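The primary structure of each chain is shown beneath.
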Amino acid sequence: MRIKDVVVKIVNVSIYTNWIIVILHTDEGVCGYGDATLDTMEFKVKQAIEAIAERIIGKNVLDCSVELADNADGMVGAAAVSGLNIALWDLKAKAVGLPIYQLLGGLQHRRVPTYVSFNRSLKGRTPDDFSKMVETLMAGGDRAFKCAPFDEYFWREPIGSETLLSRGFERVKAIRETIGNEAELSVDCHWRFEYSTALKVAEALQAYRLFWIEAPLPETDAAQLSGLRHAIHQRIAGCEIQ
């Protein structure tokens, strides 16, 4: 089974989001699918994938992989390579007639917990909007959620910052009051804070029993991030762009 063509499709899925889908076509009519989504960089990623594609056309899918040399093109290059490799793994599994997990070490868990990240589904950002969203999701059976309540805040623009933080706390409070204590809640801060504000926010959020707090700081200083983790005694998630 050899790669015949590489197609990149940019698919609009919401008012905030475009997905970048990689499709590898083979000479046997089998296709592999990958996700190379990188917010606001759709056309740059598409160009990067098309440039890399020339290296894999005609190759046997079982002997093919794509590597990123010396972090070339940064996040754009990483997204392009990631999408291509996901599609290649899809093809490898189809070529040998096995699910992908069998090629990656075998079955480890029969069930994997998931959560709903609903930030891009919101049309309004009042506490009531957040509350109604999780209420709808719970009615559908979901019991773990992640929100981004501080997206208006940016530490380089201090004017009005206390008001913006307060709005974020009100949104988290509204969610917790709606979902109760049995459902899990995480907060994504999208790298909005410097250290002192991140510490203040994390301490204030302890009242809402978070599963984790995500990306509270820019992740360029590992020692600072570790210091925050030990100062707040709270699980921290992040480093997705490192």
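This text goes with the structure placed above it.
Right, let's walk through the structure included here.

**As for the overall build of the protein chain**
Assigned secondary structure in the protein chain consists of 7 helices and 8 strands. In terms of its C-alpha atoms, the protein chain occupies a principal-axis envelope of roughly 60 × 40 × 35 Å. Sequence-distant contacts in the protein chain: of pairs separated by 6 or more residues, those separated by 24 or more amount to 60%. By element, 52% of the accessible surface of the protein chain is carried by carbon and sulfur atoms, the whole surface being about 13900 Å². Counting 27 positive and 32 negative side-chain charges, the protein chain places the averaged centre of each group 3 Å from the other.

**Notes on helix 4 (residues 127-139)**
If you check helix 4, its first and last C-alpha atoms are 18 Å apart, about what 13 residues at 1.5 Å a residue would give, namely 18 Å. For helix 4, every residue scored as buried is listed here: Phe130, Ser131, Met133, Val134, Leu137 and Met138. Axial view of helix 4: buried residues confined to an arc of 160°, hence all on one face. Of the exposed residues in helix 4, the ones pointing more than 90 degrees away from its buried face are Thr136 and Ala139. At its buried positions, helix 4 is contacted by strand 4 (116-117), strand 5 (144-147) and helix 5 (161-179). The first or second residue beyond helix 4 is Gly141, which carries a positive phi of 105°.

**Side note on the sheet that holds strand 1 (residues 3-12)**
Reading across from one edge, 1-2-3 is the order of the 3 strands in this open sheet, with antiparallel pairing throughout. Bordering the open sheet on either side are strand 1 and strand 3 (31-35), each of which pairs with just one other strand. For this sheet, the mean inter-axis angle between neighbouring strands, taken without regard to orientation, is 20°. Packing against the sheet, helix 1 (residues 42-53) makes contact with strand 1 and strand 2 (18-26), and its axis sits at approximately 175° to strand 1.

**Thoughts on the packing of aromatic side chains**
Applying the stated criterion across every chain yields a total of 6 aromatic pairs. With 5.5 Å between their ring centres and 75° between their planes, Phe150 and Phe193 make a pair best called edge-to-face. In this pair, Phe150 sits in the loop between strand 5 and helix 5 while Phe193 sits in the loop between strand 6 (184-188) and helix 6 (195-205), placing the two residues 43 residues apart along the sequence. On the basis of relative accessibility, which here comes to 1%, the residue Phe150 falls in the buried class. Ring centres of Phe211 and Trp212 lie 5.6 Å apart, and the angle between their planes is 50°; on these two criteria the pair is classed as tilted. Judged by relative accessible area, which is 33%, Phe211 ranks as partly exposed. A relative accessible area of 16% means that Trp212 is categorised as buried. Positioned above the aromatic ring of Phe211 is the side chain of Arg235, whose terminal nitrogen or guanidinium carbon lies 4.4 Å from the ring centre.

**Side note on the pairing of strand 1**
Here is the key point about a regular strand: its side chains alternate between the two faces of the sheet. Judged from the 9 bridges that link them, strand 1 and strand 2 form a sheet pairing that is antiparallel. Bridge pairing links Val8 to Val22 in strand 2.

What counts and how
- Residues numbered from 1 in each chain as written.
- Predicted model: local features only at pLDDT ≥ 70, side-chain atom pairs only at ≥ 80, totals over all residues.
- Heavy atoms only, no water.
- Helix = DSSP H or I, 4+ residues; strand = E, 2+ residues; numbered from the N terminus.
- Contact = heavy atoms within 4.5 Å.
- Areas by Shrake-Rupley, 256 points an atom, 1.4 Å probe, with all protein chains shown as cover.
- Lys, Arg positive; Asp, Glu negative; His and termini not counted.
- Charge placed at Lys NZ, Arg CZ, Asp CG, Glu CD.
- Expected span 1.5 Å × (residues − 1).
- Buried < 20%, exposed > 50% of the residue type's maximum accessible area, 1.4 Å probe, protein only.
- Arc of directions from axis to C-beta.
- Pairing = 2+ DSSP bridges.
- Axes fitted to C-alpha atoms, helices over the stretch in contact; angles between N-to-C directions.
- Phe/Tyr/Trp six-rings, centres within 6.5 Å; stacked < 30°, edge-to-face > 60°.
- Lys NZ or Arg CZ within 6 Å of the ring centre and 35° of its normal.

Purely geometric numbers; function is a separate question.
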